[in-house]
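Here are the chains, one letter per residue:
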Amino acid sequence: MTVLATSIFDWKGPDFLGLYAVAFFFALAWSVWRRFRANKKFAHPDALQVELTDPYDMAFLAGGTSRCSQVAVVKLLKVGSVEWVKTKILKESRLVAKGQAYPDFHEIERTLFSSILGYGKKGMPLASVSQLVATRVSGIESKLAKLGLRPTSSEGSGRVCFIALPMLVLVLVGLVKVAVGVSRDKPVLFLCLMIGVTLLACIGVTVARKKLTSEGEEVLARLRDRASSYGNGSNHLPGTMCSVALLGISGMAYDESLAGLDTTLKKEISQMGNSSSSSGCGSSGCSSGCGSGCGGCGGD
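Not measured: the values here are computed from a predicted model.

A. Local environment of the overall build of the chain. A tally of regular secondary structure across the chain gives 12 helices and three strands. Only carbon and sulfur atoms are counted for the fraction: they give 61% of the accessible area of the chain, which is about 15,100 Å².

B. Structural view of the pairing of strand β2 (residues 93-97). Among the five residues of β2, four are classified as buried, and the element is accordingly described as predominantly covered. Pairing analysis gives two bridges linking β2 to strand β3 (residues 124-125), with the strands arranged antiparallel. What sits directly across from Leu-95, in β3, is Met-124.

C. Expanded view of the confidence of the model for the chain. Residues with a pLDDT of 70 or more make up 79% of the chain, whose mean pLDDT is 79. Confidence scores differ between elements of the chain, with helix α12 (residues 285-293) showing the lowest mean pLDDT of 39 and helix α4 (residues 107-118) the highest of 93. Here residues 1-5 is modelled with pLDDT under 50, and outside its nearest four sequence neighbours on either side it reaches zero contacts, counting other chains as well. Overall, residues 275-300 carries pLDDT values under 50, and its contacts beyond four positions in sequence, including any with other chains, amount to 72 contacts.

D. Representation of the environment of Leu-258 in the model. By the secondary structure assignment, Leu-258 is in the loop between α10 (237-247) and α11 (263-270). Overall, Leu-258 belongs to the buried group, its relative accessible area being 3%. Placed 180 residues apart in sequence, Leu-258 and Lys-78 show a C-alpha to C-alpha distance of 7.3 Å. Every residue in contact with Leu-258, bar those within four places of it in the chain, is listed here: Val-74, Lys-78, Thr-240, Met-252 and Lys-266.

E. The arrangement of the environment of Phe-16 in detail. Structurally, the position occupied by Phe-16 is in helix α2 (residues 13-41). Residues within four places of Phe-16 in sequence aside, it is in contact with Ile-8, Phe-9, Trp-11, Val-173, Lys-177 and Leu-191.

F. Main features of the packing of aromatic side chains. A full pass over the atoms with the stated rule returns four aromatic pairs. When the centroid spacing of 6.5 Å and the interplanar angle of 40 degrees are considered together, the rings of Phe-16 and Tyr-20 count as tilted. You can see Phe-16 and its partner Tyr-20 sitting in helix α2, four residues apart, about one turn around the helix. Ring centres 5.8 Å apart and planes at 50 degrees place the aromatic pair Phe-26 and Trp-30 in the tilted group. In this pair, Phe-26 and Trp-30 are both assigned in helix α2, four residues apart and thus about one turn of the helix distant. What makes Trp-30 partly exposed here is its relative accessible area of 38%. Lying over the aromatic face of Phe-162, Arg-34 brings its terminal NZ or CZ to 3.9 Å of the ring centre.

G. The sheet that holds strand β1 (residues 82-86), seen in detail. The sheet built from three strands is open, its strands ordered β1-β2-β3 with antiparallel pairing. Of all the strands in the sheet, just β1 and β3 have a single pairing partner and so form its edges.

H. Representation of helix α6 (residues 138-146) within the structure. Buried within α6 are the following residues: Ile-140, Glu-141, Leu-144 and Ala-145. Down the axis of α6, the sector holding all buried residues measures 135 degrees, keeping them to one side. The first or second residue beyond α6 is Gly-148, which carries a positive phi of 85 degrees.

I. Here's a closer look at the environment of Thr-53. Its place among the elements puts Thr-53 in the loop between α2 and α3 (55-78). The spacing of Thr-53 and Leu-223 is 170 residues in sequence and 9.6 Å in space, taken between C-alpha atoms.

J. Looking closely at the pattern of salt bridges. Within this structure, the stated rule accounts for six salt bridges. Ionic pairing is found between Asp-10 and Arg-184, a salt bridge with its closest N-O pair at 2.8 Å. Taken together, the residues span a long stretch of sequence, with Asp-10 in the loop between α1 (2-9) and α2 and Arg-184 in the loop between α7 (153-183) and α8 (189-207) at a distance of 174 residues.

Basis of the calculations
Counting from 1, residues in each chain are numbered in the order their sequence is written. The model is predicted, so local features are restricted to residues of pLDDT at least 70 and side-chain atom pairs to those at 80 or more, both for listing and for counting; the totals for chains, interfaces and linings are taken over all residues. The side-chain figures draw on all heavy atoms in the structure; neither hydrogens nor water molecules are used. Numbered from the N terminus, helices here are DSSP runs of H or I no shorter than four residues, and strands are runs of E no shorter than two. Computed with a 1.4 Å probe, the accessible areas rest on the Shrake-Rupley method; for each residue, only the protein chains presented here act as cover. For every residue, the accessible area (1.4 Å probe, protein chains only) is compared with the maximum for its type, and the residue is labelled buried under 20%, exposed over 50%, or partly exposed between those bounds. Any two strands with at least two DSSP-identified bridges between them are counted as paired. A residue's pLDDT is simply how confident the predictor is in it, with values from 0 to 100. In what follows, a contact means two residues having at least one pair of non-hydrogen atoms within 4.5 Å. Only rings of Phe, Tyr and Trp enter the pairing, Trp through its six-membered ring, and a pair is recorded when the two centres are within 6.5 Å. The plane angle decides the type: under 30 degrees is stacked, over 60 is edge-to-face, the rest tilted. We count a charge as sitting over a ring when the NZ of a lysine or the CZ of an arginine lies within 6 Å of the ring centre and within 35 degrees of the ring normal. To be clear, the arc concerns the directions from the helix axis to the C-beta atoms. By convention in these notes, a salt bridge is any Lys or Arg side-chain nitrogen within 4 Å of a carboxyl oxygen on Asp or Glu.

Shown next as structure tokens:
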């Protein structure tokens with residue numbers, strides 16, 4: 001094996017480039033196949049039968065931590081627990097505690113409200129919400145993973161390495177040949193360009209990977225189809241939360257009481273967590289309220 005490897009690195013430039021080109025297409029196809037295999041690994045045979053009713057489960061499935069943050073902020077604004085203010089000097093959006101926390105608040109809502117309360121009259125920066133919410137979504141992430149709808153973050157990271165391995169090995173081989181060529185004063189420009197193309201393809205294959213399993217995508221599509229049945233002008237809190245969870249800021253259009261919110265606030269809520277992507281609407285309240293009171297929301 002050592003002799004074979006050494007002989008390959010001793011090949012002349014054109015011959016090695018030809019071999020590298022063939023190996024590139026092979027590694028690319030292999031990585032794509034490994035991506036498909038990785039997605040199937042996290043699926044569950046009964047995943048398509050899953051019916052989500054908690055808006056935070058839906059939110060994390062649809063948009064991760066940032067969507068959960070949107071749901072929490074909209075909820076606290078709607079029930080009057082907090083109000084939005086914009087500082088005149090820094091022009092920074094802040095959330096100020098105005099009302100109270102309710103017994104049926106979801107854990108995320110209780111944590112967020114307590115933090116806002118701790119900021120006092122100056123209020124909590126809206127930009128800090130996602131970072132706080134991120135500390136309370138691990139249970140949701142694990143639940144969805146067990147249901148076969150998506151891998152956890154740690155599993156997703158391992159999946160990236162699994163997918164990229166064939167192309168990374170090819171890059172390593174190319175870099176060794178570059179080192180050999182440089183040591184022998186041989187031109188290596190074309191090989192460096194091919195290595196660059198390999199890295200770009202590697203990034204493309206891994207970034208384009210699906211965050212959800214195929215079953216998770218089907219469940220989400222089914223939930224979004226039902227979201228359109230909530231009805232315009234409905235002020236029903238569970239329905240509003242589920243609409244925002246599935247559709248993002250556009251889901252606020254289904255609630256007349258939220259239609260008049262400042263456009264700046266709406267814009268900032270829609271961008272929440274994207275630096276680059278209810279009385280009774282907690283884990284127990286929305287299980288019943290959202291299943292029967294907002295057109296199904298995954299509960300039918």
